[in-house]
Amino acid sequence: MSTIAESSSSAIAETTSGPVQGRVRDDVFLFAGIPYAAPPTGELRFRPAQPHPGWGEVRTTTKFGAAAPQVPTGGMTDSAPVQWDEDCLFLNISTPGLDDGKRPVLFWIHGGGFRTGQGAIPWYNGASFARNGDIVVVSINYRMGALGFTDLSRFGEEYACSGINGILDQITALEWVRNNVANFGGDPAQVTIAGESAGAFSVGALLGSPKAEGLFHRAILQSGAAHHTLPPEAGNIVTDLLLEKMNATTMDELLTASADDILKAQRNIDTELQRGTLSSSLGVPVSPFYPVVGNEVLPTSPIEAIESGQSADIDVLAGTNKDEATLFVAGEVDDAKVKKEAERYGGGDGLLETYRRALPDASATELSVAMSTDFTFRLPALRLAEARENHGANTWMYWFTWESRNPKLKATHALEIPFVFNNLDKPGVDLFIGEGPQPQSVADDMHAAWTRFIREGDPGWPAYTCEERINMRFDQPSETVADPDAGRREAWEGLR
């Protein structure tokens, strides 16, 4: 078998679909744009991913495949257009060697609100994990938005899982890894699934899915947990809206519509629902075109499945960033708006006063950021750890508090990603961390902890319990802290 020392620029590996040729990049082997399923186009649109028909000759996999259809939202992380196509079910592999090394595998699921993103983003470059940790890194694309999460089960059994096809794509990719990763130097019995934001919501869904059992052995959730799914009733509301916007009544009309028209309808629905509140429109504070439960992939919500003991044998590393919501709160927030926000969360004046006491010098905008961060990210992560402890499961918690030198961002959403991957030099990172010396010590700490967890199932600090509530706080310096959510955490009891 080939190793870096034995290969000057390229290598060939076998897969169940046919041989693929990769290249050496960043001193590791990179195989980019490997199809893990047939293109979900034509009659296969809105259906579960199907096996790829394969190829006879060696397939060149040196360039990343197309991203899933998407519309940039204009945010800092996805403002630039990407090359997308409905033929998007590709994965990428970075590996130290094509031998029988039986290395642990990191299976990365990108974020982007189930709307945007792709596995090829430079922040997700797995070369450092491969070089420093002797780890095989896999990143994937999966169907998103209306093409990945519209519940069209009303049109027939073949569409029973259409409301969760994006998650089913991830399961299909995990099955591909199980069947093929040994040929890339990996061990299918040591797979850690990981993701950030919607990628972490995906990990939460996989933890709650009986269909994913046995396909992974550890899990990492960065700024996401197991709460962000739609019940069937909400899924049906979204489907009704899509059919209305598409002026469609039959499946044939949806199958023959262009992807651009479907994306336009999706965007119109997002805009329409954002004028009100998601809770009043859908009954839950979850965006449209998120995973819909009530099917064989997710019979019930992930958190309910986990509360019943699902995935209790999986070691979990989970955590959040101190100021997640600075990436989403636009402009200044006044006292009246932050008061309405507290009411929307169900806590009213009592919740707001708790935050005023905990943050006595905070402006209304800062209070809004704190409450939104806790409601959307922090509390779900804590509830996940608490639910798992009831079944004796091991969960390690972290809290990322290093603040960007951009004062508006602070410890914002997604900021930890280049630290985890040890990719502080990648494009776009400087916009997040700001000017000045690179905080390499924080990257060293996080990268080492993630490597240890992927390899050994223990990141290096005590597991989380409701008695001590230990977190690793990543900052300069990094250190363990006990119950950093005290005071604010109690205010949410019964609300989430």
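About the criteria used
Residues numbered from 1 in each chain as written. Predicted model: local features only at pLDDT ≥ 70, side-chain atom pairs only at ≥ 80, totals over all residues. Heavy atoms only, no water. Axes fitted to C-alpha atoms, helices over the stretch in contact; angles between N-to-C directions. Helix = DSSP H or I, 4+ residues; strand = E, 2+ residues; numbered from the N terminus. Parallel < 35°, antiparallel > 145°, perpendicular 65-115°, else oblique. Left-handed = near helix turned anticlockwise from the far one by under 90°. Contact = heavy atoms within 4.5 Å. Nonpolar A, V, L, I, M, F, W, Y, C, P; charged D, E, K, R; others polar. Polar contact = N/O pair within 3.5 Å; in protein donor to acceptor, adjacent residues only side chain to side chain. Buried < 20%, exposed > 50% of the residue type's maximum accessible area, 1.4 Å probe, protein only. Pairing = 2+ DSSP bridges. Lys, Arg positive; Asp, Glu negative; His and termini not counted. Salt bridge = Lys/Arg side-chain N within 4 Å of Asp/Glu carboxyl O. Arc of directions from axis to C-beta. pLDDT = per-residue confidence, 0-100.

### Digging into the packing of helix H10 (residues 335–344) against helix H12 (residues 364–389)
At a closest axis distance of 9 Å, the pairing of H10 and H12 adopts a crossing angle of 20°. When the interaxial angle is binned, H10 and H12 end up roughly parallel. Between H10 and H12 the crossing geometry is left-handed. Between H10, through Asp 335, Val 338, Glu 341 and Ala 342, and H12, the contact on the second element is made entirely by Ala 364, Leu 367, Ser 368, Met 371 and Ser 372. For the contact of H10 with H12, the per-class residue count stands at five nonpolar, two polar and two charged.

### Examining the side chain of Ser 139
Mapping Ser 139 onto the fold places it in strand E7 (residues 136–140). Within the structure, the side chain of Ser 139 is placed 3.1 Å from the backbone oxygen of Gly 119, a separation counted as a polar contact. Each residue touching Ser 139, except ones within four places of it in the same chain, is listed here: Phe 90, Leu 91, Asn 92, Trp 108 and Gly 119.

### A short note on the pairing of strand E1 (residues 10–13)
The two faces of E1 differ: Ala 11 and Ala 13 on one face are buried, but Ser 10 and Ile 12 on the other face are not. Here E1 runs beside strand E2 (residues 20–25); their pairing, made up of four bridges, is antiparallel. Looking across to E2, one finds that Ser 10 is bridged to Arg 23.

### Some details on unusual backbone geometry
In this model, Gln 476 is joined to Pro 477 through a cis peptide bond whose omega is 0°. Within the element layout of this structure, Pro 477 appears in the loop between strand E12 (470–474) and strand E13 (479–482). One non-glycine residue, Asp 26, adopts positive backbone phi at about 55°. Here Asp 26 lies in the loop between E2 and strand E3 (28–35). Among the residues examined, Asp 26 registers a relative accessible area of 32% and is labelled partly exposed. The residue Asn 422 is not glycine, and still its phi comes out positive at about 60°.

### Comments concerning the side chain of Glu 416
Here Glu 416 is to be found in the loop between strand E11 (395–400) and helix H13 (417–420). This buried residue, Glu 416, is left without a salt bridge; Arg 378 holds the nearest opposite charge, at 11 Å. In this structure the side chain of Glu 416 is engaged in a polar contact, spanning 2.8 Å, whose partner is the side chain of Gln 222. Leave out the neighbours within four places in its chain, and Glu 416 touches Glu 196, Gln 222, Ser 223, Asn 321, Tyr 398, Phe 400 and Met 446.

### A few points about helix H11 (residues 348–358)
Buried within H11 are the following residues: Gly 348, Leu 351, Leu 352, Thr 354 and Tyr 355. Viewed end-on, H11 has its buried residues packed into an arc of 155°, placing them on one side of the element.

### Section: the confidence of the model for the chain
Per-chain confidence: the chain averages 94 in pLDDT, with 96% of residues scoring 70 or above. Considering only residues more than four positions removed or in separate chains, one finds that residues 1–7, a stretch of pLDDT under 50, has 16 contacts.

### Comments concerning the environment of Ser 308
One can find Ser 308 in the loop between helix H9 (302–307) and strand E10 (315–321). You can call Ser 308 exposed: its relative accessible area is 59%. In the structure, Ser 308 is positioned 93 residues away from Thr 401 in sequence and 32 Å away in space, judged by C-alpha atoms. Side-chain polar atoms of Ser 308 contact the backbone oxygen of Ala 305, separated by 2.6 Å.

### Considering the packing of helix H5 (residues 232–246) against helix H7 (residues 259–274)
Here H5 crosses H7 at 125°, and the two axes come no closer than 9 Å. With respect to each other, H5 and H7 are oriented oblique. Note that H5 runs across H7; the crossing there is right-handed. In contact with Val 238, Leu 241, Leu 242, Lys 245 and Met 246 of H5, H7 contributes Asp 261, Ile 262, Ala 265, Asn 268, Ile 269, Glu 272 and Leu 273.

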